[in-house]
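# Per-entry structural report
The lines below spell out each chain.
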Amino acid sequence: MADVILDIQNAVKRFGGLTAVNRVSTAIRRGEIRALIGPNGSGKTTLLNVISGIYAPEEGAILFEGAPIQGLFPYGVAWRGISRTFQNIRLFGNLSVIKNVMIGAHIQGKAGILQAILFPKHTREEEQKLRNKAESCLGFVGLEIDTAVKAASLSYGQRRLLEVARALASDPRLILLDETAAGLNPQEKRHLIDIIRKIRDKGITVLFVEHDMGVVMSVSDRITVLNFGSKIAEGTPDEIKTNQLVLEAYLGKENYAEVE
Amino acid sequence: MKKLLYCVFLILLVVFPLIMRSKYFMQIANTAVVFLIIVMGLNYVIGFSGQISLAATAFWGIGAYVSALFSVKLGFSFWLTLPLAALVSTGAGLLIGFPTLKLRQFYLGIATVGFGEIIALILLNWTSLTNGADGIPGIPKPRIGNFVFNSDYRFYYILLTCALLLLFVSVRLKNSRFGRALLAINNNEIAAETLGINAHIYKMAAFALSAFYAGIAGSLYAHLIGYISPDLFVFRQSIIFLCMYMIGGAGHIAGPVIGSVLLTLLPEFMRFLKDFYMAFYGLLVVALAIGMPTGISGLIEKYAPRLYAFIEPQAEIPKQTRGHRGEA
């Protein structure tokens, strides 16, 4: 098998009596763009939360580059090389744009309290490095704005892009995007598609949750479909388009029969 | 230009005792500096990391008693008791911070109140060590060779040096990788964690830093006044520190300076109100809190960005500062 970066094996996550993620297995190859789709409540975001350490799976294993990461805290997952964005944007609203992205580059630095106070040459250089990194990430996503303004004062589309820039600043090898296209206008969506491709071209693997089928079909290499917490299909966009189970899940069995 | 203004300010602070003839006012000024150090420490916990602490007085008390006991009972010099007090207080901060900082908001607040009460009870009732309610008199003044810092005028310079050093530390920390991590936790803890920030460790560090500041303030206070007793280190005092902090403006470098100086001096200018003055003081605090929830520094940031750039080193001022109110 080709180089697998993320191997999810029979992951299970329950909330009380509800099984939000039910024995999901999938292997994501290094360098691919993988979409995760499914109707509302099918467990897509929960699966991202399980991968990024916000939830620990009750069963199963998640291997990142061959090493298990299930049960790690979110900061541990970040240090391994996975970063993410959130469905409901989670920026540091009171902080400036540049600080938001510099915090994204947190794991690129080492300076602690003592270095901050004494501020020796290598710490000065590190600060400059983080700042440069942040600026290049802002440029990468095409956010050319005054970086001193607070993140909360940006427009919705800019906030989405800022969150992507922040996630990129840690130099991840796998990036998880949670419904980044939601609420964007068609022009912004096209821009986002370009960015996702550019991210992949940098050598970063992309796993993204998305409702917008236009975005999903045009950018994904492969698509994984969840329904009621279980994986019901996986394949290329063309395969998914014609998959019976997927059409039923999205349109309902009876409706689908009528369309036929 | 900015550097020049800082220099002028520094010179004013240095010559201040030379032009201040009132011995009484000098005493007030010294107390204000002690409080300033404690309130600056609060900034790490409340302003930067966004947690609640009502235990400042407890750490202040620990610093004061450690300093007093080591100097009175064992004859240690001030130059040793000061770092000792800071160390013990920081240790206590880490110890109490480890379990409590897993709690959130209110629960953390209550836990820190509990800790404060425990310290107050220990100071009062462990008579063999602390002299109980009688307190510890005769705490020696610091000296360098034959020079003794035995007046408020002389002691002021020790206080000023400590306060400026600690102010410098907080400026450096706020604009560092460490400070940004604390601010990130304050703004959105989950996002901070997914970026590789271990929130619990950072919160503990912030808590320990505030205990460090309060410990230093305690030691300075003990040697400044020469007598300490448990009735100083009560819960009410923590509330006063919190008022100073909030009115100065949370999260800003200048906030603690403005708040502590203002609220220490304010009662002195209201003496003419005689018996009613505490009531007026309370009313004024309420009015200030309602009228400007972001504190005085917050008002300055909004309405006087240029002044703000002066009082907040390395502040980021957007290019076109729009004057409109109310953004999230």
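You'll find the structure just up there.
Every value quoted in this text rests on a predicted model; they were computed, and no experiment measured them.

### Remarks on the sheet that holds strand 4 (residues 59-64) of chain A
Residue and element names in this part refer to chain A. If you trace the four strands from one edge of the open sheet to the other, you get 2-1-4-5, paired in antiparallel fashion. Both edges of this open sheet fall to strand 2 (18-29) and strand 5 (67-68), since each of them pairs with a single strand only. Of the strand pairs in this sheet, strand 1 (residues 4-15) and strand 2 are connected by eight bridges, and their pairing is antiparallel. Each bridged residue has a counterpart across the sheet, and for R14 the counterpart in strand 2 is T19. Helix-sheet contacts for helix 1 (residues 44-51) involve strand 1, strand 2 and strand 4, and the interaxial angle to strand 1 is about 115°.

### Thoughts on empty space enclosed by the protein
This model, assessed by the stated rule, comprises four cavities of 30 Å³ or more. Roughly 60 Å³ of volume is contained in the largest cavity. In this structure, the largest cavity is lined by L54, T57, A58, V113, G116, E117, I119, A120, F233, V234, F235 and S238 of chain B. Taken together, the elements giving at least two residues each to the lining of the largest cavity come down to helix 3 (56-74), helix 5 (105-125) and helix 11 (235-248) of chain B. If one sorts the elements of the lining of the largest cavity by residue count, helix 5 of chain B sits on top with five residues. When grouped by side-chain class, the residues that make up the lining of the largest cavity number eight nonpolar, three polar and one charged. Its boundaries defined by the atoms lining it, the second largest cavity holds a volume of some 40 Å³. Around the second largest cavity sit I8, T26, I28, R34, L36, L47, L207 and T224 of chain A, which together line it. Only strand 2 and strand 3 (33-37) of chain A provide two or more residues apiece to the lining of the second largest cavity. For the lining of the second largest cavity, the per-class residue count stands at five nonpolar, two polar and one charged.

### Digging into the interface of chain B and chain A
Across the boundary between the two partners, chain B contributes 34 residues, which contact 40 residues of chain A. In total, chain B and chain A occlude about 3,300 Å² of area from one another, counting both sides; carbon and sulfur atoms represent 59% of this. On the chain B side of the contact with chain A, R177, R180 and L195 of chain B bury the most area, a combined 25% of that side's loss. There are two salt bridges connecting chain B and chain A. With its nearest N and O atoms 3.6 Å apart, the salt bridge here joins E301 of chain B to K150 of chain A. Seen at the junction of chain B and chain A, the total is 12 residue pairs in polar contact (both at pLDDT 80 or more). Where the side of chain B that touches chain A is concerned, the elements lending two or more residues are helix 7 (152-174), helix 8 (177-187), helix 9 (189-194) and helix 10 (199-225) of chain B. At seven residues, the largest contribution of residues to the side of chain B that touches chain A is made by helix 8 of chain B.

### Quick look at unusual backbone geometry
Trans is the prevailing form of peptide bonds, just as negative phi is the prevailing case for residues other than glycine. All names here are of chain A. Of note, the phi angle at R23 is positive, near 45°, even though the residue is not glycine. Along the chain, the position of R23 falls in strand 2. For R23, a relative accessible area of 48% gives the class partly exposed.

### Re the sheet that holds strand 8 (residues 205-209) of chain A
Residue and element names in this part refer to chain A. Spatially, 6-7-8-3-9-10 is the arrangement adopted by the six strands of the open sheet, whose pairing is mixed. Because the sheet does not close on itself, it has two edges, and the strands there are strand 6 (82-84) and strand 10 (230-235). Geometrically, the sheet is characterised by an average inter-axis angle of 20° between neighbouring strands, direction not taken into account. Of the strand pairs in this sheet, strand 3 and strand 8 are connected by four bridges, and their pairing is parallel. Within the sheet, the bridge partner assigned to A35 lies in strand 8 and is F208. In the packing of helix 6 (residues 156-168) onto the sheet, the strands contacted are strand 6 and strand 7 (174-178), and the crossing angle to strand 7 comes to about 160°.

Basis of the calculations
Residues numbered from 1 in each chain as written. Chains lettered and ligands numbered in written order. Predicted model: local features only at pLDDT ≥ 70, side-chain atom pairs only at ≥ 80, totals over all residues. Heavy atoms only, no water. Pairing = 2+ DSSP bridges. Helix = DSSP H or I, 4+ residues; strand = E, 2+ residues; numbered from the N terminus. Contact = heavy atoms within 4.5 Å. Axes fitted to C-alpha atoms, helices over the stretch in contact; angles between N-to-C directions. 1 Å grid on protein atoms, 1.4 Å probe; cavity = no way out; pocket = protein on both sides within 12 Å on 5 of 7 lines; lining within 4 Å. Points joined across faces, edges and corners; volume = space filled by probe spheres on them. Nonpolar A, V, L, I, M, F, W, Y, C, P; charged D, E, K, R; others polar. Buried area = accessible area lost by both parts, 1.4 Å probe. Salt bridge = Lys/Arg side-chain N within 4 Å of Asp/Glu carboxyl O. Polar contact = N/O pair within 3.5 Å; in protein donor to acceptor, adjacent residues only side chain to side chain. Buried < 20%, exposed > 50% of the residue type's maximum accessible area, 1.4 Å probe, protein only.

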